[in-house]
Amino acid sequence: MGIVTRFAPSPTGYLHIGGARTALFNWLYARANGGKFLLRIEDTDRARSTDAATQAIYDGLKWLGLEWDGEAYSQFARKERHAEVAQAMLDKGHAYKCYATKAEIEEFRASPEGKYGSFQSPWRDADPATAPDAPYVIRLKAPRDGVMEITDEVQGRVSWKNAEFDDMILLRSDRTPTYMLAVVVDDHDMGVTHIIRGDDHLINAGRQSLIYNAMGWDIPVFAHIPLIFGDDGKKLSKRHGATGAEEYRAMGYLAEAMRNYLARLGWSHGDDELFTTKQAIEWFNLKAINKAPSRFDFKKLDNVNKFHIENVPDDVLITGLQDYIASQGRAPLTEAVLTKLKPVLPILRERTKKLPDLLDKARFILGPRPFAPDENDAKHLNSVFNGILKRLTPQLAGVTTWTKEELETLFRDFAETEGVGLGKVAQPMKVVLSGTTKSPSTFDMMAALGKDETLARINDATARM
RNA sequence: GGUCCCUUCGUCUAUCGGUUAGGACAUCUGGUUUUCAACCAGGAAAGAGGGGUUCAACUCCCCUAGGGACUACCA
């Protein structure tokens, strides 16, 4: 029973992080059930839609690994079909032409009764013979009695009195469709079986069901997911920090981590917090989606990111790195660099929260020799340490098994005979090897660098002191 | 104003009538450590309020409060 989901953003900006999660849920559900995940750009608002925004949505989804099936649909391109359906509704008597002008409607809204009820068109039951030769909109002839009930996979059963719904406009006077019409027609034509979207659309599910019924179409399964808020419980906006998916790439988050964090925000699988996308696909279901909105927590995201930086396969990490670098407008890492990087990846991944941190740590293997010490770390290369080096270097030169463990033992013994803490020796050595103390462990670096290179760097440093 | 939705530690959440209400992040204390850090041990921390139903309610029902969505020829 082919499941079809869709993500339908309007291209008026970047890909919002809330939208990204909606897309993720749709994607997860489709993948979990062997279904299709479709993308539709809701570009019927010509004034606000831009190609750049459409591209930003594509880019954001691609970065997040949320590949859609087939070509993306353009809602605007389907306007003839929308008009056709509006006409069909007219023919079936479920819609009517309304000649009320915008001025008349506004006048009604400004009036006392306009404060409460919605606009009731006098043309609903008017004799067609009295119709003027003037522009008109096509309105839905919404039922006045009865109840509209929908069953939502997340919200449960929700109902409204039909009287609550107004005769919404289906086709504007310029023959373009409104959102309400376009969505229903497109979802129907695209064969969408499950509509997973933000719960700001919950009422629209009722309105749209009216159209489905009028056309005699099957109503899809609804799942209205709660929105994401900022840490203060208000709608997530710029002042909370990043709201665009792209920004997270630029900050150095892994797509795998974003998928994990976003999936876990509002959905759960018992106590599982850290999981792969593969697991998320296996576990995902609509029933476990929470009904309450959740707040975005950067601290937790950092923690999730740290986990994935540590555990993701090498090629995924490299891809993430390249994505990050591209987001900074820098040239990609070359093959030569990657060859140097790959062997030290294990020591780079430890204790790193974000991709730029990892790159910082990689300086010891990538950076040009000799290293000019960082401003804050230059103090380590003082005369005392110079003396220490004089006694230590010969010992190092005599090492036969150049491993992390052997070196650590040697340093500990050495520090003990010197009568100083290990930190007094190992810490300045980091500056010698990398120019900074923000590096991997001293012994990891030495082991990775090899004996000759290590000795050469000590030489560089003593020349400077 | 009206309609609809939501409400467990600071945060994300588990619990599907019977638990000392569990976990994770953050936080605090102690330990360890060559580092931005990490790790180990331990602590503090929650069912919005009020009524019901029931032998028993975080869990079911109602009310109140607070938050949110919608109420466009936007989507």
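Scroll up to find the structure this text is about.
Residues numbered from 1 in each chain as written. Chains lettered and ligands numbered in written order. Predicted model: local features only at pLDDT ≥ 70, side-chain atom pairs only at ≥ 80, totals over all residues. Heavy atoms only, no water.

Draft legend 1. Representation of the protein's contact with RNA strand B in the model. Around RNA strand B sit 60 residues, and of these R172, R264, E273, K291 and Q427 come closest. The protein-proximal atoms of RNA strand B, defined as those within 4 Å of the protein, are 68% sugar or phosphate. K300 places a polar side-chain atom, nitrogen or oxygen, 2.7 Å from a base nitrogen of RNA strand B. T442 has a polar side-chain atom sitting 3.1 Å from a base oxygen of RNA strand B. (Near = heavy atom within 4 Å. Polar contact = N/O pair within 3.5 Å; in protein donor to acceptor, adjacent residues only side chain to side chain.)

Draft legend 2. Representation of the pairing of strand β6 (residues 147-152). Burial along β6 is one-sided: the residues M148, I150 and D152 are buried and none of V147, E149 and T151 is. Hairpin connection, β6 to strand β7 (residues 156-161): the antiparallel pair is bridged by three residues. (Buried < 20%, exposed > 50% of the residue type's maximum accessible area, 1.4 Å probe, protein only. Helix = DSSP H or I, 4+ residues; strand = E, 2+ residues; numbered from the N terminus. Pairing = 2+ DSSP bridges.)

Draft legend 3. Highlighting empty space enclosed by the protein. Using the criterion set out here, one finds one cavity of 30 Å³ or more in the structure. What the largest cavity holds in volume is close to 80 Å³. In terms of lining residues, the largest cavity is bounded by R369, P370, F371, P373, L381, V431, V432, R457, D460, A461 and R464. Secondary-structure elements contributing two or more residues to the lining of the largest cavity are α17 (422-434) and α19 (451-464). In terms of residue count, α19 provides more of the lining of the largest cavity than any other element does, four residues in total. Of the residues belonging to the lining of the largest cavity, the class tally is seven nonpolar, no polar and four charged. (1 Å grid on protein atoms, 1.4 Å probe; cavity = no way out; pocket = protein on both sides within 12 Å on 5 of 7 lines; lining within 4 Å. Points joined across faces, edges and corners; volume = space filled by probe spheres on them. Nonpolar A, V, L, I, M, F, W, Y, C, P; charged D, E, K, R; others polar.)

Draft legend 4. Region of the structure containing the packing of helix α8 (residues 255-264) against helix α10 (residues 298-311). Direction vectors running N to C along α8 and α10 enclose 135°, while the axes themselves pass 9 Å from each other. Viewed along their axes, α8 and α10 adopt a mutual orientation that is oblique. Between α8 and α10 lies a crossing of right-handed hand. Residue-level inspection shows E256, A257, M258, N260 and Y261 of α8 in contact with α10, the latter providing K300, L301, V304, N305 and H308. When its residues are assigned to classes, the contact of α8 with α10 shows five nonpolar, three polar and two charged. (Axes fitted to C-alpha atoms, helices over the stretch in contact; angles between N-to-C directions. Parallel < 35°, antiparallel > 145°, perpendicular 65-115°, else oblique. Left-handed = near helix turned anticlockwise from the far one by under 90°. Contact = heavy atoms within 4.5 Å.)

Draft legend 5. Structural view of the sheet that holds strand β4 (residues 95-98). The strand order β4-β5-β8 describes an open sheet built from three strands, whose pairing is antiparallel. Edge positions in the open sheet fall to β4 and β8 (169-171), since each of these has one partner strand only. Direction aside, the axes of adjacent strands within the sheet are offset by 45° on average. When β4 meets strand β5 (residues 137-140), the two strands line up antiparallel, connected through four bridges. Counterpart to C98 in the pairing with β5 is V137.

Draft legend 6. Focus on α10. In a regular helix each residue adds 1.5 Å, so 14 residues correspond to 20 Å; α10 covers 20 Å between its end C-alpha atoms and thus fits that length. Inspection of α10 places L301, D302, V304, N305, H308 and I309 among the buried residues, and these make up the whole buried set. All buried residues of α10 fall inside an arc of 165° around its axis, so they share one side. In this fold, the buried residues of α10 make contact with α7 (245-251), α8, α11 (314-327), α12 (335-349) and α13 (355-361). The opening residue of α10 is D297, an N-cap whose side-chain oxygen sits 3.0 Å from the backbone nitrogen of K299. (Expected span 1.5 Å × (residues − 1). Arc of directions from axis to C-beta.)

Draft legend 7. Quick look at the layout of surface pockets. Of the pockets and cavities examined, the largest pocket occupies roughly 1,000 Å³. Around the largest pocket, the lining is made up of 37 residues, and of these P9, S10, G19, D200 and H201 lie nearest the centre. In terms of residue count, helix α1 (residues 17-32) provides more of the lining of the largest pocket than any other element does, five residues in total. For the lining of the largest pocket, the per-class residue count stands at 14 nonpolar, 13 polar and 10 charged.

Draft legend 8. Representation of the environment of P135. One can find P135 in the loop between α4 (102-110) and β5. In sequence terms P135 and Y116 are 19 residues apart; their C-alpha atoms lie 27 Å from each other.

Draft legend 9. Quick look at the packing of aromatic side chains. For the structure on display, the rule yields 15 aromatic pairs. Between Y261 and F296, the ring centres sit 5.1 Å apart and the planes meet at 70°, which makes this aromatic pair edge-to-face. Placement of the pair is Y261 in helix α8 and F296 in the loop between β12 (294-295) and α10, with a sequence separation of 35 residues. Given the relative accessible area of 4%, F296 is considered buried. Between R46 and the ring centre of F76, over which it is positioned, the NZ or CZ distance is 3.6 Å. (Phe/Tyr/Trp six-rings, centres within 6.5 Å; stacked < 30°, edge-to-face > 60°. Lys NZ or Arg CZ within 6 Å of the ring centre and 35° of its normal.)

Draft legend 10. The sheet that holds strand β1 (residues 4-7), seen in detail. Pairing is parallel across the open sheet formed by three strands, whose spatial order is β1-β2-β3. Whereas interior strands pair on both sides, the edge strands pair on one side only; in this sheet they are β1 and β3 (73-74). Here β1 runs beside strand β2 (residues 36-41); their pairing, made up of four bridges, is parallel. Residue pairing in the sheet places F7 in a bridge with L39 of β2.

Draft legend 11. Structural view of α19. With 14 residues, α19 should reach 20 Å at 1.5 Å per residue; the first-to-last C-alpha distance of 20 Å fits that figure. For α19, the complete set of buried residues consists of T454, R457, I458 and A461. Along the axis of α19, the buried positions cluster into a sector of 105°, meaning they face one direction only. In α19, the exposed residues that point more than 90 degrees away from the buried face are D452, N459 and A463.

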